[in-house]
Amino acid sequence: MTETEKNKELKFRAHESFYIRKGWLSKGMKNVAKKNDLFIDKNVPATVSLGLGTNMVKSLKYWLGVTGLIEKDTKKGCVKLSDFGKTLFENDKYLEEMGTIQLLQYKLASNFCEATSWFYFFNEFNFIEFTKEDFILEIRKFISEKSAKEIQDSSLASDFECIINTYLSKHKTTEEEIDPENNISCPLAELNLISVAHKKNGITTYKKTSSSSLSFNKWIILAIICDNAKGKLEISIDDLLNAQCNIGKCFNLDSILLLDILQNIEKSGELKIIRTAGLDVIQLTKLFSFEDCVQNFYKELNK
């Protein structure tokens, strides 16, 4: 966390209680690419262009921002696709590739200021099994250290519910009949980062989980490693596993799964695993930029 981040206001419940619906981000990118005044045009309101209600439009704008797909344009209130957003829109506009979903997860889980509850959940909240009450109690301690602002429990509870709905399909979280309108899973649910551990006395206990090592493309992993490397070619495996915003934290990896992923990349020659005197490290053969790794991922897909 940088000094700049420490001085910024933390954000909670900015999603208007809506998690990312399937198709939302694609629709948002398509419309932002057409007109940078999408969210401020009074002649053709965003509700008309997007076919969404007012609060949903606010939510979509928020999600486009916190996943790094859009950024501010020169004119006040206008936005444009970021370079990252352009790359995704040009290569996977419907967000169908698992690597694309993993990149969005990285952007979201590492966004300390704009998606504070997500950052906290993946980087600071060390419970493997947890309830909503556990999360609220622990994040309150975190907030008290980072901000003097009073945050209502209702906002934290809303963020928790949104996190659960981001990574867990609704039919897995309730036994009640679900309105088809509300049974649209978030694309990030494909990552399998949360499951239901058990339900007892009306209280649901959740569990952090992770995907198979085979679901990770080497260029996605290298993009995140290099983005956090700070110019270093040699990085400790402990940092990859435990440092904020790195691959271990963003994807709930344990040491065995992480090593399996790294060994798969080692076979292709982009890094080497070195074990010396109890300090296990990787050596990158080259320090790629985040953008280069993302481009290489899509180039391989398009071959």
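One structure accompanies this document, and this report is about it.

1. Considering the pattern of salt bridges
Turning to step 1, where the next piece is worked out: All chains considered together, the criterion is met by nine salt bridges.
Turning to step 2, where the next piece is worked out: In this structure, the salt-bridge partner of Glu114 is Lys11, at a minimum N-O distance of 3.1 Å. Here Glu114 is found in the loop between α6 (98-109) and α7 (116-123), whereas its partner Lys11 is found in the loop between α1 (3-6) and α2 (24-34), with 103 residues between them in sequence.
Turning to step 3, where the next piece is worked out: Judged by relative accessible area, which is 29%, Glu114 ranks as partly exposed.
Turning to step 4, where the next piece is worked out: Asp280 is the partner of Arg275 in a salt bridge, and the nearest nitrogen-oxygen pair spans 3.4 Å.

2. Things to note about helix α10 (residues 218-228)
Turning to step 1, where the next piece is worked out: Among the eleven residues that make up α10, ten are buried, leaving the element largely enclosed by the rest of the structure.
Turning to step 2, where the next piece is worked out: Turning to α10, its buried residues are Lys218, Trp219, Ile220, Ile221, Leu222, Ala223, Ile224, Ile225, Cys226 and Asn228.
Turning to step 3, where the next piece is worked out: Of the residues flanking the start of α10, the one acting as N-cap is Asn217, its side-chain oxygen 2.7 Å from the backbone nitrogen of Trp219.
Turning to step 4, where the next piece is worked out: Positive phi shows up at Lys230, right after α10, with a value of about 55°.

3. Digging into a negative patch on the surface
Turning to step 1, where the next piece is worked out: A cluster of acidic residues, Asp83, Asp227, Glu291 and Asp292, forms a negative patch at the surface.
Turning to step 2, where the next piece is worked out: Within the secondary structure, Glu291 sits in helix α14 (residues 290-302).

4. A few points about the packing of aromatic side chains
Turning to step 1, where the next piece is worked out: Across all of its chains, the model carries 25 aromatic pairs by this definition.
Turning to step 2, where the next piece is worked out: Judged by centre distance (5.4 Å) and plane angle (75°), the rings of Phe121 and Phe130 are edge-to-face. Here Phe121 matches Phe130 in class, with each residue buried.
Turning to step 3, where the next piece is worked out: Seen from their ring centres, Phe125 and Phe127 are 4.9 Å apart, and the 15° between their planes marks the pair as stacked.
Turning to step 4, where the next piece is worked out: Residue classification places Phe125 among the buried positions, given a relative accessible area of 1%.
Turning to step 5, where the next piece is worked out: Look at Phe127 and you get partly exposed, because its relative accessible area is 31%.
Turning to step 6, where the next piece is worked out: In this structure, Arg21 packs its charged tip against the face of Tyr19, placed 4.0 Å from the ring centre.
Turning to step 7, where the next piece is worked out: Above the ring of Phe121, the side-chain terminus of Lys208 is found at 4.6 Å from the ring centroid.

5. Remarks on the environment of Val44
Turning to step 1, where the next piece is worked out: In this structure, Val44 sits in the loop between α2 and α3 (46-50).
Turning to step 2, where the next piece is worked out: When residues no more than four places from it in sequence are discounted, the contact partners of Val44 are Lys35 and Ser49.

6. Focus: the layout of surface pockets
Turning to step 1, where the next piece is worked out: Estimated volume of the largest pocket: approximately 540 Å³.
Turning to step 2, where the next piece is worked out: Lining the largest pocket are 18 residues; nearest its centre among them are Lys11, Lys61, Gly65, Lys72 and Glu114.
Turning to step 3, where the next piece is worked out: For the lining of the largest pocket, the secondary-structure elements that each account for two or more residues are α4 (54-66) and β1 (70-72).
Turning to step 4, where the next piece is worked out: A per-element tally of the lining of the largest pocket places α4 first, with five residues.

Reading guide: rules and limits
Note on numbering: residues in each chain are counted from 1, in written sequence order. Note on the predicted model: pLDDT of at least 70 is required for a residue's local features to be given, and 80 or more for side-chain atom pairs to be given and counted; whole-chain, interface and lining totals, by contrast, use all residues. The basis for the side-chain values is all heavy atoms of the structure; hydrogens and waters are excluded. Put simply, a salt bridge is a Lys or Arg side-chain nitrogen that is within 4 Å of an Asp or Glu carboxyl oxygen. Put simply, DSSP marks the helices as runs of H or I at least four residues long and the strands as runs of E at least two long, and each gets a number from the N terminus on. Burial classes follow relative accessibility: with a 1.4 Å probe on protein chains only, a residue under 20% of its type's maximum area counts as buried, one over 50% as exposed, and anything between as partly exposed. Counting of polar contacts relies on pairs of N or O atoms within 3.5 Å, with two restrictions inside protein: one atom must be capable of donating a hydrogen and the other of accepting it, and residues adjacent in sequence are counted only when both atoms are side-chain atoms. Each patch groups residues whose relative accessible area exceeds 30% and which form no salt bridge, using 9 Å between like charges and 5 Å between nonpolar side chains of Val, Leu, Ile, Met, Phe, Trp and Tyr. The protein chains shown are the only cover counted for residues, whose accessible areas, like all others here, come from Shrake-Rupley with a 1.4 Å probe. The charge count treats Lys and Arg as positive and Asp and Glu as negative. His and the chain ends do not count. Taken as the charge centre is NZ of Lys, CZ of Arg, CG of Asp or CD of Glu, depending on the residue. Pairing of aromatic side chains here covers Phe, Tyr and the six-membered ring of Trp, requires ring centres within 6.5 Å, and sorts the geometry by plane angle: under 30 degrees stacked, over 60 edge-to-face, intermediate tilted. Look at NZ for Lys and CZ for Arg. If either is within 6 Å of the ring centre and within 35 degrees of the ring normal, a charge sits over the ring. Note on definitions: a residue-residue contact is assigned when non-hydrogen atoms from the two residues lie within 4.5 Å. Cavities and pockets are defined on a 1 Å grid built over the protein atoms alone: a cavity is a set of grid points where a 1.4 Å probe fits but cannot escape, while a pocket is an open set with protein on both sides within 12 Å along at least five of seven lines, and lining residues are those with an atom within 4 Å of any such point. Grid points are joined across faces, edges and corners, and a volume is the space filled by probe spheres set on the points.

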